[in-house]
Amino acid sequence: MSVWAVLAAAGSGERLGADRPKAFVRLGERPLLAESLERLDASAWIDAIVVAAPPGWEEPAILLAEELGCGKVSACVTGGATRAESVAAAVAEVPLDAAAIAVHDAARPLVSDDVLERLLRALNEGWDGAVPGLAVADTVKRVDGDRIVETVDRSALRAVQTPQVFVADVLRGAVAMRAGEPPAWTDCSGAVEAAGGRVKVVAGDPRLVKVTDAADLERVAALL
Ligand code: C5P
């Protein structure tokens, strides 16, 4: 079965306060994007990769892939204004004979084969998709303005990460966007769930830290 990776790297990363998009800020000596790109390229579970780059950064993304010797990179598309649009543009480049698509965020550099294996095993079990999730350590409240209206049972909650893996046709159907209609989902699993898909949550990886601000970059650098 052929597994394609879609690497969402088109965010602006405003919260990092850098002079360039998040995928190109330095993680150690290299752009952040290098870490996830190299790891996906080296993975035995991934056959080909499509990158969604920020507008104007397509060429640096392609050059980076070449420099790293990432021969599985098949295309680099221009990302959209939202993550959903970037993912949809990249998914459109995945050939129709692909069996599965793994959608990953460049903002989570430390993707591992272990997590990819857990996710793909779920597809082999017959699920439409699988996502890595971690138990929620904090007590979670639902609020209305400043007022707490409910304490949520955290035992039934998971904080989900990427990569998220789906049967290719299921993901294609779910992310197809209707013109003028903003998607109501913030991750691909949300789109597949809304379309009626069955998505399994598998054990996540605490090392899949998401880089949002400068402190996150330091945390990830310490884990390299
Ligand atoms: O902004 P945030 O960190 O939540 O974005 C998650 C991932 O989605 C990042 O890897 C980012 O590059 C990507 N993204 C994208 N296109 C956008 C916005 C975000 O590919 N327009």
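Residues numbered from 1 in each chain as written. Predicted model: local features only at pLDDT ≥ 70, side-chain atom pairs only at ≥ 80, totals over all residues. Heavy atoms only, no water.

Trainee: Sorry if this is basic, but what is going on with the overall build of the protein chain here?
Mentor: When its secondary structure is counted, the protein chain shows seven helices and 12 strands. Radius of gyration (C-alpha) of the protein chain: 17 Å, near the 17 Å computed for a compact globule of 224 residues. Taking the principal axes of its C-alpha atoms as reference, the protein chain extends roughly 50 × 40 × 40 Å. The buried share of the protein chain, taken over its 224 residues, is 46%. Here the contacts in the protein chain between residues at least 6 apart in sequence split such that 74% fall between residues at least 24 apart. Total accessible area on the protein chain stands at roughly 11,100 Å², and carbon and sulfur atoms take up 50% of it. (Helix = DSSP H or I, 4+ residues; strand = E, 2+ residues; numbered from the N terminus. Rg over C-alpha atoms; globule rule 2.2 N^0.38 Å. Buried < 20%, exposed > 50% of the residue type's maximum accessible area, 1.4 Å probe, protein only. Contact = heavy atoms within 4.5 Å. Areas by Shrake-Rupley, 256 points an atom, 1.4 Å probe, with all protein chains shown as cover.)

Trainee: Could you clarify how one ought to interpret the pattern of salt bridges in this entry?
Mentor: Close approach of charged atoms allows side chains with opposite charge to pair. In total, this model carries 10 salt bridges according to the counting rule given. The residue E35 makes a salt bridge to R39 at a minimum N-O spacing of 2.9 Å. With E35 and R39 both in helix 1 (residues 32-42), this residue pair falls four residues apart, about one helical turn. R83 serves as the salt-bridge partner of D105, at 2.8 Å between the closest nitrogen and oxygen. Here R83 lies in helix 3 (residues 83-91) and D105 lies in strand 6 (residues 100-105), a separation of 22 residues in the sequence. Of the residues examined, R83 reaches a relative accessible area of 23% and is grouped as partly exposed. In this structure, a network of salt bridges that share partners links the residues R30, E35, E38 and R39. (Salt bridge = Lys/Arg side-chain N within 4 Å of Asp/Glu carboxyl O.)

Trainee: It is not clear to me how the site of the ligand should be interpreted in this structure. Could you clarify?
Mentor: Every one of the 15 residues lining the ligand counts as a neighbour, but A8, G11, K22, S86 and K210 are closest to it. Between A10 and the ligand, the recorded distance is 2.9 Å, taken from a backbone N or O atom to an oxygen atom. A distance of 3.2 Å is found between an oxygen atom of the ligand and a backbone nitrogen or oxygen belonging to A106. Starting from 460 Å² of accessible surface for the ligand in isolation, the protein chains cover 85%. Under a 2 Å grid-point criterion requiring more than half of the atoms, the pocket assigned to the ligand is the largest pocket. (Near = heavy atom within 4 Å. Polar contact = N/O pair within 3.5 Å; in protein donor to acceptor, adjacent residues only side chain to side chain. 1 Å grid on protein atoms, 1.4 Å probe; cavity = no way out; pocket = protein on both sides within 12 Å on 5 of 7 lines; lining within 4 Å. Sits in = over half its atoms within 2 Å of the grid points.)

Trainee: In this structure, what is going on with the layout of surface pockets? I would like to understand it.
Mentor: Where empty space is left in the structure can be found by rolling a water-sized probe over the atoms. Roughly 580 Å³ of volume is contained in the largest pocket. As for the largest pocket, its lining consists of 28 residues, and the residues nearest its centre are G11, K22, R83, D105 and K210. (Points joined across faces, edges and corners; volume = space filled by probe spheres on them.)

Trainee: In this structure, what is going on with the pairing of strand 9 (residues 147-152)? I would like to understand it.
Mentor: With five bridges connecting them, strand 8 (residues 140-144) and strand 9 associate as antiparallel partners. Bridging from a neighbouring strand, D144 pairs with R147 of strand 9. (Pairing = 2+ DSSP bridges.)

Everything listed here is a matter of geometry and, on its own, says nothing about what the molecule does.
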